[in-house]
Amino acid sequence: MTEARGFRDKSTAELWPPLAGFVAIEARIGQAASRSRFWRRIYEFLRFGVKQAWACLFGGLMVGLIVTTRFLWPADAPLARYDFIFLAALTIQFLLVFFHFESRREAMIIFVFHIVGTAMEIFKIAKGSWIYPEAGAFRIGGAPLFTGFMYASIGSYMMRAFALFDFRFSRHPPLWQVGALAAAIYANFFLHHYILDFREVLFLGAAVIFWPTTIYYRIHHSWRRMPLLLSAFLSALFIWIAENASTFSHVWLYPEQMKQWSVVGLGKLGSWFLLQIVSYALVIVACPPQPPDDGPIESSRARHADRVGWR
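Remember, predicted model here, so these are calculated numbers, not experimental data. (Residues numbered from 1 in each chain as written. Predicted model: local features only at pLDDT ≥ 70, side-chain atom pairs only at ≥ 80, totals over all residues. Heavy atoms only, no water.)

(A) Molecular detail of the pattern of salt bridges. Following the criterion strictly, the structure yields five salt bridges and no others. With a closest N to O distance of 3.0 Å, arginine 168 and aspartate 166 form a salt bridge. Exposure remark for aspartate 166: the relative accessible area of 1% places this residue in the buried category. Arginine 218 is the salt-bridge partner of aspartate 166, the closest N and O atoms lying 3.2 Å from each other. Here aspartate 166, found in the loop between helix H6 (147–164) and strand E3 (168–170), pairs with arginine 218, found in strand E4 (residues 214–218); they are 52 residues apart in sequence, far enough to count as distant. (Salt bridge = Lys/Arg side-chain N within 4 Å of Asp/Glu carboxyl O. Buried < 20%, exposed > 50% of the residue type's maximum accessible area, 1.4 Å probe, protein only. Helix = DSSP H or I, 4+ residues; strand = E, 2+ residues; numbered from the N terminus.)

Printed below as a string of structure tokens:
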């Protein structure tokens, strides 16, 4: 069996010290639920939701900050709303590392996301792609510094999801292909303002490279699988929903939303899908894709392992 990251012998709660105390309790709940197929499925469904919520911890806190400050931040406050969001995000990041909810390694990868995202924000704002209508002191080139944390939220989610769901991959493309595609996508976000927009070519490239790739993941003991492209689309969909919540809170606006807010066009799903690939390329540098295990966790899963070709 593959032991590359040590997830086989540990509950995912053990990956974060603050949760270690819940391991024994959770194990008893899981054991009780396993006595019935119905309760096992309910338990796995709830476990999936808890894992997703844990993976979204930083992103959820960011969206919560953005939305609540829209309605609760006083207009005459001595500190600008944008500056408060930046300082709060910085504090959250520090606390996650300090209390071991996030490793320093994760924080470094997330910092790279922050740089990549801020650079694109500065450029896009200069080109009028979107607007940050409020004042704030913590800015670079018109981009509020908290914007980098929004991109970092994506990196944080991916890093946590890799650990929580013990991702494994079959028929994964070579890393150089993923890196080349991600570089082309990132460059297109800038260059399409000067030359043709090659996003259709990039979509085709993503389909060709990732079409054969399947993600295997664990919610509890059972392995599940999903096409990687479907996973990227679903992630893009949830980011698009979060984007609508953010623009509704006026933290940033597209030009067509300045007079009256409207739902962000579905065309932005494509942009988020492509950005997912850039994010994924950065994450797999720290979390190299691993193949599926040679054998199942429990003997009762052997038939399933045979069906999906692990043996």
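(B) Quick peek at the confidence of the model for the protein chain. On average, the protein chain scores 85 in pLDDT, and the residues at 70 or more come to 87%. The model gives residues 295–311 a pLDDT under 50, and that stretch makes 26 contacts with residues more than four places away or in other chains. (pLDDT = per-residue confidence, 0-100. Contact = heavy atoms within 4.5 Å.)

(C) Quick look at the environment of tyrosine 216. Along the chain, tyrosine 216 turns up in strand E4. Tyrosine 216 gets classed as buried once you look at its relative accessible area, which sits at 5%. On a C-alpha basis, the gap between tyrosine 216 and aspartate 166 in space is 8.1 Å, while along the polypeptide they are 50 residues apart.

(D) View of the nonpolar core. With 73 residues, the main nonpolar core has Phe210 and Tyr280 as its most contacted residues. No other element matches the twelve residues that helix H10 (residues 267–286) contributes to this core. Those residues within four positions of tyrosine 280 in sequence are excluded, and the remaining contacts are Met158, Phe162, Phe169, His172, Val178, Phe210, Leu228 and Pro289. (Core = buried A, V, L, I, M, F, W, Y, C linked by side-chain atoms within 4.5 Å.)

(E) Representation of unusual backbone geometry. A positive phi angle, close to 50°, is found at aspartate 166, a residue other than glycine. Residues other than glycine seldom take positive phi values, yet arginine 171 does so here, at roughly 55°. With respect to the element layout, arginine 171 can be found in the loop between E3 and helix H7 (175–191). Judged by its relative accessible area of 64%, arginine 171 falls in the exposed class.

(F) The arrangement of the pairing of strand E5 (residues 223–227) in detail. Two strands pair when backbone bridges link them, and E4 and E5 are joined in this way by five bridges, in the antiparallel orientation. Across the sheet, the residue bridging to tyrosine 216 is arginine 225, located in E5. In sequence, E4 turns back onto E5 through a hairpin of four residues. (Pairing = 2+ DSSP bridges.)

(G) View of a nonpolar patch on the surface. A cluster of nonpolar side chains, contributed by Leu191, Tyr194, Ile195, Leu196, Phe198 and Val201, occupies part of the molecular surface with about 630 Å² of accessible area. Relative to the elements of secondary structure, leucine 196 occurs in the loop between H7 and helix H8 (199–210). (Patch = residues over 30% accessible without salt bridge, like charges linked within 9 Å, V, L, I, M, F, W, Y side chains within 5 Å. Areas by Shrake-Rupley, 256 points an atom, 1.4 Å probe, with all protein chains shown as cover.)

(H) Fine view of helix H2 (residues 37–55). Across its 19 residues, H2 extends 27 Å between first and last C-alpha, which sits within 8% of the 27 Å expected from 1.5 Å per residue. Buried within H2 we find Tyr43, Glu44, Arg47, Lys51, Trp54 and Ala55. Each buried residue of H2 sits inside an arc of 105° when the element is viewed along its axis, so together they form one side. Those residues of H2 that are exposed and angled more than 90 degrees off the buried face are Phe38, Arg41, Phe45 and Leu46. Structurally, the start of H2 carries an N-cap: the backbone nitrogen of phenylalanine 38 is 3.3 Å from a side-chain oxygen of serine 36. (Expected span 1.5 Å × (residues − 1). Arc of directions from axis to C-beta. Polar contact = N/O pair within 3.5 Å; in protein donor to acceptor, adjacent residues only side chain to side chain.)

(I) Spotlight on the sheet that holds E5. Pairing within the open sheet is antiparallel, and its three strands lie in the order E3-E4-E5. Two strands bound the open sheet, and with one partner strand each, they are E3 and E5. Put simply, the sheet's adjacent strands are angled 30° from each other on average, direction ignored. The strands touched by helix H9 (residues 228–248) within the sheet are E3, E4 and E5, with E5 carrying the most contacts at an inclination of about 80°. (Axes fitted to C-alpha atoms, helices over the stretch in contact; angles between N-to-C directions.)

(J) Expanded view of the packing of aromatic side chains. Applying the stated criterion across every chain, the model contains 26 aromatic pairs. Seen in terms of ring centroids, phenylalanine 48 and phenylalanine 165 are 5.7 Å apart; in terms of plane orientation they differ by 55°. Their pairing is tilted. Taken as a pair, phenylalanine 48 in helix H2 and phenylalanine 165 in the loop between H6 and E3 lie far apart in primary sequence, 117 residues in all. Each ring, one from tyrosine 132 and one from phenylalanine 146, has its centre 6.1 Å from the other, and the planes form 85°; the classification is edge-to-face. Here the residue tyrosine 132 occupies a position in the loop between helix H5 (104–126) and strand E1 (139–140), and phenylalanine 146 occupies one in the loop between strand E2 (143–144) and H6, the gap between them amounting to 14 residues. Put simply, the rings of Phe48, Phe162, Phe165, Phe167, Phe169, Phe210, Tyr217 and Tyr280 pair up and form one aromatic cluster. Across from the ring centre of phenylalanine 165, 5.4 Å away, lies the NZ or CZ of lysine 51, which sits over that ring. (Phe/Tyr/Trp six-rings, centres within 6.5 Å; stacked < 30°, edge-to-face > 60°. Lys NZ or Arg CZ within 6 Å of the ring centre and 35° of its normal.)

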